[in-house]
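# A look at the structure
Read off the chains here:
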Amino acid sequence: MNAYPLEGGCTCGAIRYRLTSKPLFVHCCHCRWCQRETGASFALNAMIEADRVVLLLGQPEAVDTPSYSGKGQKILRCPHCRVAVWSNYAGAGEALRFVRVGTLDNPDALPPDIHIFTASRQPWVVLPADMPAVPEYYQRSLYWPADSLQRLAALKAIKQ
Ligand SMILES: [Zn+2]
Ligand SMILES: [Zn+2]
């Protein structure tokens, strides 16, 4: 439905990137960690294979950051303006990037596929009734489209 590729970047313009296809799945995460990291009410992350994120300009810097799971994450930030463009979580590894949807030139293109950790949702945030929402995490096979599950399986096969 959306026109790919989608492009995005940091605030100062030193980092530019391109998503070459639609992401696997888009999380709207209402956990307290995401609230703190964004300084707002939730994080909007598009999960996508690393090789589908093409750097057009600059080199983001990985900042080791604690995470909810305790395994840590690397937040990739512009070395100049320090805006975060994506994260790699220890659990998913380098092959999977969590791109910050708000850094896209057209963030409207990627609404969430699911709301997670809604148990800590800020009470004024009203979720659409027709959008999947879970109190914490969820089982992928119940929510992801088949083609995304296949893409993830292919990624895991390469990793081993
Ligand atoms: Zn920048
Ligand atoms: Zn979160």
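All residue numbers refer to position in the chain's written sequence, counted from 1. Key to labels: chains lettered from A, ligands numbered from 1, both in the order written. Per-residue local features of the predicted model are confined to residues with pLDDT of at least 70, and side-chain atom pairs are confined, for both listing and counting, to 80 or more; whole-chain, interface and lining totals are unaffected and use all residues. With hydrogens and water set aside, each side-chain value is computed from the structure's full complement of heavy atoms.

### Here we look at the coordination of the zinc ion (ligand 2)
Protein ligation of the zinc ion (ligand 2) involves Cys29 (SG), Cys31 (SG) and Cys34 (SG), the donor distances falling in the range 2.1 to 2.3 Å. Three labels apply to residues, based on accessible area from a 1.4 Å probe with only protein chains included: buried if under 20% of the type maximum, exposed if over 50%, partly exposed otherwise in between. Look at Cys29 and you get buried, because its relative accessible area is 6%. Residue classification places Cys31 among the buried residues on the basis of a relative accessible area of 6%. Each metal site is built from N, O and S donor atoms within 2.8 Å (3.2 Å for Na, K and Ca), and since water is not included, such sites may look incomplete.

### Some thoughts on the sheet that holds strand β6 (residues 61–65)
Taken in spatial order, the seven strands of this open sheet run β6-β7-β8-β9-β4-β3-β10, and their pairing is mixed. With one partner strand each, in any of the chains shown, β6 and β10 (114–116) form the two edges of the open sheet. Across this sheet, the average inter-strand angle for adjacent strands is 30°, counted without regard to direction. Of the pairings in the sheet, the one linking strand β8 (residues 84–89) to strand β9 (residues 96–100) comprises two bridges and is antiparallel in character. Directly across from Trp86, in β9, lies its bridge partner Val99. What makes two strands pair is DSSP finding at least two bridges between them. A helix here means a DSSP run of H or I that spans at least four residues, while a strand means a run of E at least two residues long, and both kinds are numbered starting from the N terminus. Comment: axis = line fitted to C-alpha atoms, over the contacting stretch for helices; angle = value between 0 and 180 degrees taken between N-to-C directions.

### Thoughts on unusual backbone geometry
Of note, the phi angle at Arg82 is positive, near 70°, even though the residue is not glycine. Assignment of secondary structure puts Arg82 in the loop between β7 (73–77) and β8. Judged by its relative accessible area of 42%, Arg82 falls in the partly exposed class. Non-glycine residue Phe117 carries a positive phi angle of around 55°. Positionally, Phe117 belongs in the loop between β10 and α2 (140–143).

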